[in-house]
Each structure stands twice: as C-alpha cells, then as structure tokens.
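Descriptive structure summary
This is what each chain is made of:
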Amino acid sequence: MQARHSGRKRLRHPQRGAVDYAYTAFHPAEQPEQTLVVYVDSSEPPDKRRNPDR
C-alpha cells in the first residue's frame with residue numbers, strides 16, 4: 001500500500017457538534033482503483049480517545 005494523500009476534515013456530528021478528523025487515503029499497489037481511507041478524531045488528545053475494543 002502507498003499513502004496517496006492526507007489531510008483534515010471537519011464534520012458535523014448530531015450530538016457532538018463539529019468534530020475534526022485527520023485522514024489518510026491508501027491505494028493498494030495491486031488494485032489502484034480501490035481506496036482505503038482511515039479517519040482519526042483529532043479533536044481529542046490520543047490518551048483520551050475511546051477504544052471500541054475496551
């Protein structure tokens with residue numbers, strides 16, 4: 001996989017209001033027509049982010 005581009009987006013959540021996200025988009029070398037986009041809530045410090053597995 002190769003990172004194609006990254007940036008920040010602000011989305012409006014119905015209960016939390018405006019939430020800032022950092023994102024990175026990846027394209028698999030074998031299937032460049034597909035894209036995997038990973039979003040991380042950048043409005044909270046890393047140690048305060050919720051982990052859904054816990």
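As a starting point, this report considers the structure included with it. All of these numbers come straight from a predicted model, not from anything done at the bench. (Residues numbered from 1 in each chain as written. Predicted model: local features only at pLDDT ≥ 70, side-chain atom pairs only at ≥ 80, totals over all residues. Heavy atoms only, no water.)

1. A word on the side chain of H27
Counted only if it meets this: Strands here mean DSSP runs of E at least two residues long; helices mean DSSP runs of H or I at least four residues long; both are numbered from the N terminus. We call two N or O atoms a polar contact when they sit within 3.5 Å, provided that within protein one can donate a hydrogen and the other can accept it, with sequence-adjacent residues counted only if both atoms are side-chain atoms.
Following the sequence through the fold, H27 ends up in strand β2 (residues 17-27). One polar contact links the side chain of H27 to the main-chain carbonyl oxygen of Q34, over a distance of 3.2 Å. Looking at H27, its side chain comes within polar contact range of the side chain of T35, at 3.2 Å.

2. Quick notes on the packing of aromatic side chains
Note the following rule: Centre distance within 6.5 Å is the pairing criterion for rings of Phe, Tyr and Trp, where only the six-membered ring of Trp is used; planes under 30 degrees apart are then read as stacked, over 60 as edge-to-face, and the remainder as tilted. Each residue's exposure class comes from its accessible area (1.4 Å probe, protein chains only) as a fraction of the maximum for that residue type: buried when under 20%, exposed when over 50%, partly exposed otherwise. Here, over-ring charges are defined by two tests on the NZ atom of lysine or the CZ atom of arginine: distance to the ring centre within 6 Å, and angle to the ring normal within 35 degrees.
Scanning the model with the defined rule gives two aromatic pairs in all. With a centroid separation of 6.3 Å and an interplanar angle of 90 degrees, the aromatic rings of Y21 and Y39 are classed as edge-to-face. Of the two residues, Y21 is situated in strand β2 and Y39 in strand β3 (residues 36-41); the sequence distance between them amounts to 18 residues. Between Y23 and Y39, the aromatic rings sit 5.9 Å apart at their centres with planes inclined by 40 degrees, giving tilted as the arrangement. With Y23 in strand β2 and Y39 in strand β3, this pair connects stretches of sequence that are 16 residues apart. Taking the relative accessible area as the measure of exposure, Y23 reaches 16% and is therefore buried. For Y39, a relative accessible area of 41% gives the class partly exposed. Chaining the aromatic ring pairs together yields one cluster made of Y21, Y23 and Y39. Note that K9 overlies the ring of Y23, its terminal NZ or CZ placed 5.6 Å from the centroid.

3. Concerning a nonpolar patch on the surface
Our working rule: Surface patches are drawn from residues lacking salt bridges whose relative accessible area is over 30%; two like charges belong together within 9 Å, two nonpolar side chains (Val, Leu, Ile, Met, Phe, Trp, Tyr) within 5 Å. Computed by Shrake-Rupley with a 1.4 Å probe, the accessible areas treat only the displayed protein chains as cover when residues are assessed. Put simply, a salt bridge is a Lys or Arg side-chain nitrogen that is within 4 Å of an Asp or Glu carboxyl oxygen.
A cluster of nonpolar residues, L36, V38 and V40, forms a patch on the protein surface that exposes about 210 Å² of accessible area. Relative to the elements of secondary structure, L36 occurs in strand β3.

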